[in-house]
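# Structural overview
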Protein chains: 2
Amino acid sequence: MSLVVVGSVAYDGVETPHGKVDRMLGGAATYIALSASYFTPVNVVAVVGDDFAQEDVDLLAGRGIDLAGLERVPGKTFFWAGVYSADMNDRTTLRTDLNVFADFQPKLPAAYKSQPYLLLGNIQPELQRSVRAQMNGVRLVGGDTMNYWINDHRENLLKTIAEWDFLLINDTEARLLSGENNLRRAAEKILAMGPHTLVIKRGEYGAILWREDGHFMVPGYLLQEVFDPTGAGDCFAGGFIGYLAGQGVNPRNDQIPHKDLRRAVIYGSVMGSFCCEKFGVDRFRTLTRSEIDARYQEFKNFTDF
Amino acid sequence: MSLVVVGSVAYDGVETPHGKVDRMLGGAATYIALSASYFTPVNVVAVVGDDFAQEDVDLLAGRGIDLAGLERVPGKTFFWAGVYSADMNDRTTLRTDLNVFADFQPKLPAAYKSQPYLLLGNIQPELQRSVRAQMNGVRLVGGDTMNYWINDHRENLLKTIAEWDFLLINDTEARLLSGENNLRRAAEKILAMGPHTLVIKRGEYGAILWREDGHFMVPGYLLQEVFDPTGAGDCFAGGFIGYLAGQGVNPRNDQIPHKDLRRAVIYGSVMGSFCCEKFGVDRFRTLTRSEIDARYQEFKNFTDF
């Protein structure tokens, strides 16, 4: 079942305690699409400049990702640079050049509009809404956001997420959005904003899935080495919706079975963990579905009692 | 199967965002013993002053805890006071009056020496070792420690834990003890120090169990409200060894079954979570075994996939 992904495709400069890369493929839509591509056909809606390299097109196309919605316009591709703290729990943005992304007005190719699954990466809430509005008969829609939209574009954001089935954010964002420090109360408040399902990502500490009928928690995978956490949250999102899309779930007809949602959280966690093992998207150059399934089994083994 | 617990019995002054208590029953041995008493008979070895109140004796005795090893000497009981930060992830010690605890030389009543299970609460490593040496034919021994002993009494501590079956510490202590920031590598190094089993407590983020043959992770229980986290780690320890003692496990004859260790981690987590629901030991005034088993089942429900 085909998935539409909207968000940024970018070049990133990243420095972690393990090294420094001045310019490499990045962006939320890139990570989401690469991650989801292991589970379901993916269509990308994004914009890049005329500096976007053929090898990066090839990487995405090589994963079977449909790029009809990847608009190419004169100018430079979105560029972001950041540096991580020694323990990698914090990062400082050094540079954000929106470039062609500043005027991004997502336009969906006709073939995308009838797809059943939609993942809205972290962009302006108005743009997320405009994409949602272009889709006909979408079955399952969800997305991500960040502190900037929560703080400075709150009304717009609330209007946007009210139309979503699920919201995927981190614990800091959940507290900010709800105004509650306690995660149980934060989740209750957020579920009242519209989405029937909430996933709170906690970085190295795992994730929590919330729905009115209960919650599910998974610890984070313990990596031997975290090389670069950039994109891990987006890879989580890609694994989460990718798995659900691959299963063909349909919340319109009935609630998604809890077991599917739980497995989607595990696949999200698996994909987020792989993302951190190399710089940028490098892990996806070699990652196989059998490695993914083996790590899923590891999650089973280290959480079962 | 009977358990011997050694550690501090104290009075605590605690301030959290939910309130302030100037003086209430506390101390590692108190929390460990109360928690373990739901699973197995418990014998306490500790010292108190002549100010130790009858109602506090009654609380412990009321849980069936054997107090033959609770020495009473002239002077004041150990007093500790601390204040928690708004998010309760940090606490500042305001006062530590060792009082009669300064000269504590644990002497085990004859009946305690042949008990099969021993939990050494956080005290001087030499004292932990002297208690271990007084026991005959102990089957399973483990304990806790803290940054002070790791930093300033390292050789003594290493000599002490080399004789233990398991070590229960928090993530900061594990990093300090091993000199490794990565928890996988930290665990490998600590297991090479002697204990065959390591439990790393992560506060609200749960716990990790390590043994040479694999690891187990559990997320932390999401409380509606954390009133007072004092003693939660000790209650974890009490639930962990209490459950194993109740099962009669014997690592001398064969390795403890992984399923017993995993369940012990869950019972530890359950007891730590209850501890936080009221100030000091207050939750144990009403807690029942059926509430404990219901929460164990909750852990099953919110982690199963």
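Refer to the preceding data block for the structure.
Notes on the structure in this doc start here. In this text the structure is predicted, and so the values were computed from the model without any measurement. (Residues numbered from 1 in each chain as written. Chains lettered and ligands numbered in written order. Predicted model: local features only at pLDDT ≥ 70, side-chain atom pairs only at ≥ 80, totals over all residues. Heavy atoms only, no water.)

## What to know about the pairing of strand β5 (residues 66-72) of chain A
All names here are of chain A. Put simply, the rule is: We call two strands paired when DSSP finds no fewer than two bridges between them. Where helices and strands are cited, they refer to DSSP runs of H or I of at least four residues and of E of at least two residues respectively, numbered from the N terminus. The crossover handedness rule: strands pointing away from the viewer, path from first strand over the helix to second strand clockwise, crossover right-handed.
In this structure, strand β4 (residues 42-48) lies alongside β5, joined through five bridges in parallel fashion. For Val48, the partnering residue across the bridge sits in β5 and is Arg72. For the handedness criterion, the β-α-β arrangement of β4, helix α2 (residues 54-62) and β5 is classed as right-handed.

## Considering the packing of aromatic side chains
Heads up, the rule is: We call Phe, Tyr and Trp rings a pair once their centres come within 6.5 Å, taking the six-membered ring for Trp, and we label the pair stacked below 30 degrees between planes, edge-to-face above 60, and tilted otherwise. A simple rule labels every residue: compare its accessible area, found with a 1.4 Å probe on the protein chains alone, to the largest value its type can have, and call it buried under 20%, exposed over 50%, or partly exposed in between.
Under the definition given, this model contains 29 aromatic pairs over all chains. The interplanar angle of 25° and the centroid separation of 4.9 Å between the aromatic rings of Tyr243 of chain A and Tyr267 of chain A together place this pair among those described as stacked. Taken together, the residues span a long stretch of sequence, with Tyr243 of chain A in helix α8 (residues 232-247) and Tyr267 of chain A in helix α9 (residues 258-275) at a distance of 24 residues. Measuring from ring centre to ring centre gives 6.2 Å for Phe305 of chain A and Phe216 of chain B, while their planes differ by 70°; the resulting arrangement is edge-to-face. Of this pair, Phe305 of chain A sits in the segment after α10 (289-303) while Phe216 of chain B sits in strand β13 (residues 214-218), each in a different chain. Residue Phe305 of chain A is classed as buried on the basis of its relative accessible area, which comes to 12%. On the accessibility criterion, Phe216 of chain B (0% relative accessible area) is buried. Within the aromatic cluster, the residues linked to one another by ring pairs are Phe39, Phe216, Tyr243, Tyr267 and Tyr296 of chain A together with Phe305 of chain B.

## Some words on the sheet that holds β13 of chain B
Residue and element names in this part refer to chain B. What counts is decided by this rule: The axes are straight lines fitted to the C-alpha atoms, using for helices just the contacting stretch, and the angles between their N-to-C directions are given from 0 to 180°.
Overall, mixed pairing links the nine strands, which are arranged β5-β4-β1-β8-β9-β10-β11-β12-β13 in an open sheet. The sheet terminates laterally at β5 (66-72) and β13, the two strands that pair on one side only. Across the sheet, the mean angle from the axis of one strand to that of its neighbour is 15°, orientation sign disregarded. The sheet contact formed by strand β10 (residues 166-170) and strand β11 (residues 197-201) spans five bridges and is parallel. In the sheet register, Leu168 faces β11, and the bridge partner there is Val199.

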